[in-house]
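Fold and contact review
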Amino acid sequence: EKGTYPHFMLKEIDEQPFVMRKIIQEYKNEKGELKLDEDIRQAMKEADRLHIIASGTSYHAGLVGKQLIENLAEIPVEVHVASEFAYNTPLLSKKPLFIFISQSGETADARAVLVKIKKLGHKAMTITNVPGSTLSREANYTLHLHAGPEIAVASTKAYTAQIAVLALLAVDTANAKQLKLDFDPLQELAIVANAIEALTDQKEAIEELAKDYLGTTRNSFFIGRNVDYYVCLEGALKLKEISYIQAEGFAGGELKHGTIALIEEGTPVVALTTQKDVNHPIRSNVQEVVTRGANALIISMEGLEQEGDAFTIPQVHEALTPLVSIVPMQLLAYYAALHRDCDVDKPRNLAKSVTVE
Ligand code: M6R
């Protein structure tokens, strides 16, 4: 039920702090510590390489997950678009573990890969919002997102839930491998929940930005570096699927290798900066597009903000910034679509779950 909300999408964006708190609750043991099932721990410890298989938004969560798992648990990870892997399978190592990320658990592209790798004798884990779903039933292990039903076609709370669960999986594996980490993921997630809440309280400001920057444009760019680049891919997907504005997520440094030719007077460029070591380089990339007439909307994290930035997000642990930085982008997409009279919850040509290959 939508309750007092005009759209499911807005309701689901607002639910994200509760989902973060629910995940904290569900994944801690009686002692208040993070602990995943022993068989999942074992499977992660034994794997010599992980393959994340997903589509759309879930693929974008997988990109963030790769970084979390490689940095924290020190296992190499490949992320694959499900529809590509099915017909273009890479060379596999001796003990791979496959991680399927799917909100619905019913996506046909991922199912085709699951069938294939099972035939090859490999193990699979599914991270899903629907534990009884096909991908969950057919995999060896399941991690539940606990996001509650997601109705809007544009995925929002499932994306942040996927990243949160991937972060917990990464930390749990690091713990199982006795690697030393200097943060408590459950505490950090609680800080994230509060930060998201602070952002969803600023809808009016974001609505204004959506009107100013995206009100009439036909195209737009989202640029970031490092993990911010992955969030930009997701921010761009949100905008294009519900507002029909052409939107491209780009690695900031890659623009000058061709795409910058598309920047003209007034082209909106949303730039994201949450990572200290790339704050300077991404700001140089912003300068490059501004010089060519772009209308830059800079979203920065507290501590890295500069005069002229359009929006600042509260500071959270550097590994978890995607959980927070995506929220203004979700809201930008929502308000841009609203102002263009688009059907926010049911965009044209799209279905909530894609059950054909
Ligand atoms: O249910 P899944 O997570 O497998 O769905 C994957 C994609 O179809 C889905 O994320 C799609 O990209 C969304 N409409 C994005 O908002």
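These figures come from a predicted structure and were not determined experimentally. (Residues numbered from 1 in each chain as written. Predicted model: local features only at pLDDT ≥ 70, side-chain atom pairs only at ≥ 80, totals over all residues. Heavy atoms only, no water.)

**With respect to the side chain of Lys-203**
As a reminder, the rule being used: A run of H or I in DSSP becomes a helix once it reaches four residues, and a run of E becomes a strand once it reaches two; helices and strands are each numbered from the N terminus. The buried label goes to any residue with under 20% of its type's maximum accessible area, the exposed label to any with over 50%, and the partly exposed label to all in between, with areas taken from a 1.4 Å probe on protein chains only. By definition, residues are in contact when any of their heavy atoms lie within 4.5 Å.
By the element assignment, Lys-203 lies in helix α10 (residues 203–214). The exposure class of Lys-203 is buried, given its relative accessible area of 17%. If we skip the residues at most four places from it in the chain, Lys-203 touches Leu-10, Asp-14, Leu-331 and Tyr-335.

**Some points on the side chain of Glu-234**
The criterion, for reference: For the purposes of these results, a polar contact is taken to be a pair of N or O atoms within 3.5 Å, where, inside protein, one atom must be able to donate a hydrogen and its partner to accept one; residues adjacent in sequence count only when each atom of the pair is a side-chain atom.
As for its placement among the helices and strands, Glu-234 is situated in helix α11 (residues 227–243). Within the structure, Glu-234 has its side chain in polar contact with the side chain of His-60 (distance 2.9 Å). Among residues more than four places away in sequence, those in contact with Glu-234 are Thr-57, His-60, Ser-155, Tyr-159 and Ile-326.

**Some details on the UniProt feature "coiled-coil region" (unreviewed entry) in the chain**
For clarity, the cut-off: UniProt positions are given in the numbering used here, feature names are shortened, and annotations may be inferred rather than shown by experiment.
In this structure's numbering, the residues bearing the UniProt feature "coiled-coil region" (unreviewed entry) are residues 189–216. In residues 189–216, helix accounts for 86% and strand for 0%; the two terminal C-alpha atoms are 37 Å from one another.

**Structural notes on the site of the ligand**
Stated formally: For this description, a residue counts as near a given molecule or strand if any of its non-hydrogen atoms is within 4 Å of it. For accessible areas, the Shrake-Rupley method is used with a probe of radius 1.4 Å. Any residue's cover is judged against the shown protein chains and nothing else. Any residue that is not Ala, Val, Leu, Ile, Met, Phe, Trp, Tyr, Cys, Pro, Asp, Glu, Lys or Arg is counted as polar, Gly included; the first ten are nonpolar and the last four charged.
Neighbouring the ligand are 13 residues; Ser-58, Ser-102, Ser-104, Thr-107 and Glu-241 lie closest to it. Ser-102 places a side-chain nitrogen or oxygen 2.6 Å from an oxygen atom of the ligand. Considering the ligand on its own, with 420 Å² of exposed area, one finds that the protein chains cover 90% of that surface. Contributions of two or more residues to the shell around the ligand are made by α4 (56–73) and α11. If you tally residues by element for the shell around the ligand, the top one is α4, at 3 residues. Taken together, the residues of the shell around the ligand sort by class into 2 nonpolar, 9 polar and 2 charged.

**Things to note about the environment of Lys-11**
Looking at the element boundaries, Lys-11 is found in helix α1 (residues 8–14). Taking C-alpha positions, Lys-11 is 22 Å from Pro-131, a pair spaced 120 residues apart along the chain. Leaving out residues up to four positions away in the same chain, Lys-11 has contacts with Glu-1, Lys-2 and Tyr-5. Polar contacts involving the side chain of Lys-11 include one to the main-chain carbonyl oxygen of Glu-1, which spans 3.2 Å.

**Notes on the sheet that holds strand β2 (residues 77–81)**
Strands belonging to one sheet form pairs held by backbone hydrogen bonds; the direction of such a pair is parallel or antiparallel. Cut-off, in case you're wondering: For two strands to be treated as a pair, DSSP must find at least two bridges joining them. Orientation is described by lines fitted to C-alpha atoms, with helices fitted over the stretch in contact, and by angles between N-to-C directions that extend from 0 to 180 degrees.
Strand order across the open sheet formed by 5 strands is β2-β1-β3-β4-β5, with parallel pairing between neighbours. Single-partner strands in this sheet number two, and they are β2 and β5 (141–144). Direction aside, the axes of adjacent strands within the sheet are offset by 20° on average. With 5 bridges connecting them, strand β1 (residues 49–54) and β2 associate as parallel partners. Looking across to β2, one finds that Leu-50 is bridged to Val-77. Along the sheet, helix α3 (residues 38–46) contacts β1, β3 (96–102), β4 (123–128) and β5; its crossing angle with β5, the most-contacted strand, is approximately 110°. Packed on one face of the sheet, α4 meets β1, β2 and β3 and runs near 175° to β2.

**So, the sheet that holds strand β9 (residues 295–301)**
Strands sit in the order β7-β6-β8-β9-β10 across an open sheet of 5 strands; the sheet is parallel. Since the sheet does not close on itself, it has two edges, and those belong to β7 (246–251) and β10 (311–313), each with one partner. Averaged over all pairs of adjacent strands, the angle between strand axes in this sheet comes to 20°, irrespective of strand direction. As defined by bridge partners, strand β6 (residues 219–224) adjoins strand β8 (residues 268–273) across 3 bridges and the pair is classed as parallel. Across the sheet, residue Phe-221 finds its bridge partner in β8, namely Val-269. Strand contacts of helix α12 (residues 276–291): β6, β8 and β9, with the helix running at about 170° to β8, the strand carrying the most contacts.

**Examining the pattern of salt bridges**
For the record, the criterion: Salt bridge, as used here: a side-chain nitrogen of Lys or Arg that lies within 4 Å of a carboxyl oxygen of Asp or Glu.
Tallying each qualifying case throughout the model produces 15 salt bridges. For Glu-26, the salt bridge identified is with Lys-22, shortest N-O distance 2.8 Å. Residue Glu-26 and its partner Lys-22 are both found in helix α2 (residues 16–26); the two are separated by 4 residues, about one turn of the helix. With a shortest N-O distance of 2.9 Å, Asp-309 and Arg-283 are connected by a salt bridge. Highlighted residues: Asp-309 in the loop between β9 and β10 and Arg-283 in helix α12, separated in sequence by 26 residues.

**Examining the packing of aromatic side chains**
Test applied: Pairing of aromatic rings covers Phe, Tyr and Trp, the last through its six-membered ring, and needs centres within 6.5 Å; plane angles under 30 degrees mean stacked, over 60 mean edge-to-face, and all others mean tilted.
Evaluated as defined, the whole model comprises 3 aromatic pairs. Plain terms: the ring middles of Phe-85 and Phe-98 are 5.7 Å apart, the flat faces sit at 85° to each other, and that makes the pair edge-to-face. Note that Phe-85 is positioned in helix α5 (residues 82–85) and Phe-98 in strand β3, a separation of 13 residues in sequence. Residue classification places Phe-85 among the buried positions, given a relative accessible area of 1%. For Phe-98, a relative accessible area of 0% puts it in the buried group. Plain terms: the ring middles of Tyr-334 and Tyr-335 are 5.0 Å apart, the flat faces sit at 80° to each other, and that makes the pair edge-to-face.

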